[in-house]
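Residues per chain are reported as follows:
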Amino acid sequence: MKSLIKTIRNTVPAALLLSCTAGIVHAQQMGQSMASAEKMDKMEMKPMSYMIPQKPEDISPLLNGEKIPMAMLPDASGKMIDLNKTVSQKPTVLIVYRGGWCPYCSKQLSGLQEAAPELEQLGYQLIAVSTDAPAGLSQSASKEKLTYTLLSDADLSLSKQLGIAFKAPKAYWEMLPKTTGGKDSDLLLPVPAVYILDRAGVIRFEYINPDFKQRLNPALLKAAATSIKADL
């Protein structure tokens, strides 16, 4: 099983910035018959349904070196955006946040707006994804005066594939159907996350913290983005 969570707190360790995904090597058992091997080769692999973690500490996120999934998400105007095609245009800082209703998220979005000019000068684009329906994205963009792209993952399909979705505490159950336009039928939330992606959509840096009150400082994000820019 994948390691649970990678976090950065006060510094940006070089080991994390240069980390790569470790592969899992499957060895064949000694004495396995040829017939058995052929049978295994022909077995049909059935897709597994998403097992919903009950706590943010239980998530199993994608790791550095892995590729983000394919996704079509609406923007604040409702227009469908091909996330992977957009990412292929330039290196991307991808943020996943809970919603504009979250004060910690609003503070994060505002801090990202302040950091945006410098990140864009480095050659990055910023994309922030949340559970908010498009109308909620529009409100956040207006309130925080955001110039970067906001996308809606109201049904948390992307968050599930990123491995960061978990069952929301009961205190959110009444609110989530309203803020997601009724699409969050499983009553999930994402663990807030920050990724730096290359043009192939490969994760080159990530910050994922189960404590939603702890967000990556914009200064540390800029340091990480600067450090790995030459490799993208």
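To keep things clear, this report deals only with the structure shown in the data block. Since this is a predicted model, take the numbers as computed values, not measurements.

1. With respect to the packing of aromatic side chains
Within this structure, the stated rule accounts for 2 aromatic pairs. With centroids separated by 5.7 Å and ring planes inclined at 55 degrees, the aromatic side chains of Trp101 and Tyr172 adopt a geometry described as tilted. Linking Trp101 in the loop between β3 (92–96) and α4 (103–121) with Tyr172 in the loop between β6 (165–167) and α7 (176–179), this pair joins segments that are 71 residues apart in sequence. On the basis of relative accessibility, which here comes to 24%, the residue Trp101 falls in the partly exposed class. Geometrically, the ring pair formed by Tyr104 and Phe212 is edge-to-face, given 5.6 Å between the ring centres and 75 degrees between the ring planes. In this pair, Tyr104 sits in helix α4 while Phe212 sits in the loop between β9 (203–208) and α8 (218–228), placing the two residues 108 residues apart along the sequence. By relative accessible area, Tyr104 is classed as partly exposed at 33%. Classification of Phe212 by relative accessible area gives partly exposed; the value is 24%. Against the face of Phe212 rests Arg98, its NZ or CZ located 3.9 Å from the ring centre. Directly above the aromatic system of Trp173 lies the positively charged group of Lys167, at a separation of 5.4 Å from the ring centroid.

2. What to know about the nonpolar core
In this structure, Leu83, Leu162, Ile164 and Tyr195 are the most contacted members of the largest nonpolar core, which totals 28 residues. Sorting the residues of this core by element identifies α3 (83–87), β3, β4 (125–130), α6 (157–162), β8 (193–197) and β9 as the ones contributing at least two each. Sorting elements by how many residues they give to this core places β8 first, with 3 residues. Judged by nonpolar contacts, the second largest core, of 27 residues, contains Val93, Leu119, Leu146 and Tyr207.

3. Focus: the sheet that holds β9
The sheet built from 5 strands is open, its strands ordered β5-β4-β3-β8-β9 with mixed pairing. Strands at the two margins of the open sheet, each flanked by one partner only, are β5 (149–152) and β9. On average, adjacent strands in this sheet sit at an angle of 20 degrees to one another, irrespective of strand direction. In this sheet, β4 lies alongside β3 in parallel orientation, the contact comprising 5 bridges.

4. Let's talk about the environment of Met51
Along the chain, the position of Met51 falls in the loop between α2 (34–42) and β1 (72–74). Of the residues examined, Met51 reaches a relative accessible area of 63% and is grouped as exposed. Residues Met51 and Gly163 lie 112 residues apart in sequence; the distance between their C-alpha atoms is 9.8 Å.

5. Points about the pairing of β3
Of all the 5 residues making up β3, 5 are buried; the element is thus mostly covered by neighbouring parts of the structure. By the alternation rule, side chains of β3 split into Thr92, Leu94 and Val96 and Val93 and Ile95, which are all buried. In this region the chain leaves β3, passes through α4 and returns to the parallel neighbour β4; the handedness of that crossover is right-handed. The sheet contact formed by β3 and β8 spans 5 bridges and is antiparallel. Considered in β8, the bridge of Thr92 is made with Leu197.

6. A short note on the pattern of salt bridges
This structure, assessed with the given rule, holds 4 salt bridges. Residue Asp186 pairs with Lys160 through a salt bridge whose shortest N-O separation is 3.2 Å. Of the two residues, Asp186 is situated in the loop between α7 and β7 (188–190) and Lys160 in helix α6; the sequence distance between them amounts to 26 residues. A salt bridge links Lys178 to Glu174, with the shortest nitrogen-to-oxygen separation between them at 3.8 Å.

Parameters and conventions
Residues numbered from 1 in each chain as written. Predicted model: local features only at pLDDT ≥ 70, side-chain atom pairs only at ≥ 80, totals over all residues. Heavy atoms only, no water. Phe/Tyr/Trp six-rings, centres within 6.5 Å; stacked < 30°, edge-to-face > 60°. Helix = DSSP H or I, 4+ residues; strand = E, 2+ residues; numbered from the N terminus. Buried < 20%, exposed > 50% of the residue type's maximum accessible area, 1.4 Å probe, protein only. Lys NZ or Arg CZ within 6 Å of the ring centre and 35° of its normal. Core = buried A, V, L, I, M, F, W, Y, C linked by side-chain atoms within 4.5 Å. Pairing = 2+ DSSP bridges. Axes fitted to C-alpha atoms, helices over the stretch in contact; angles between N-to-C directions. Right-handed = clockwise from strand over helix to strand, strands pointing away. Salt bridge = Lys/Arg side-chain N within 4 Å of Asp/Glu carboxyl O.

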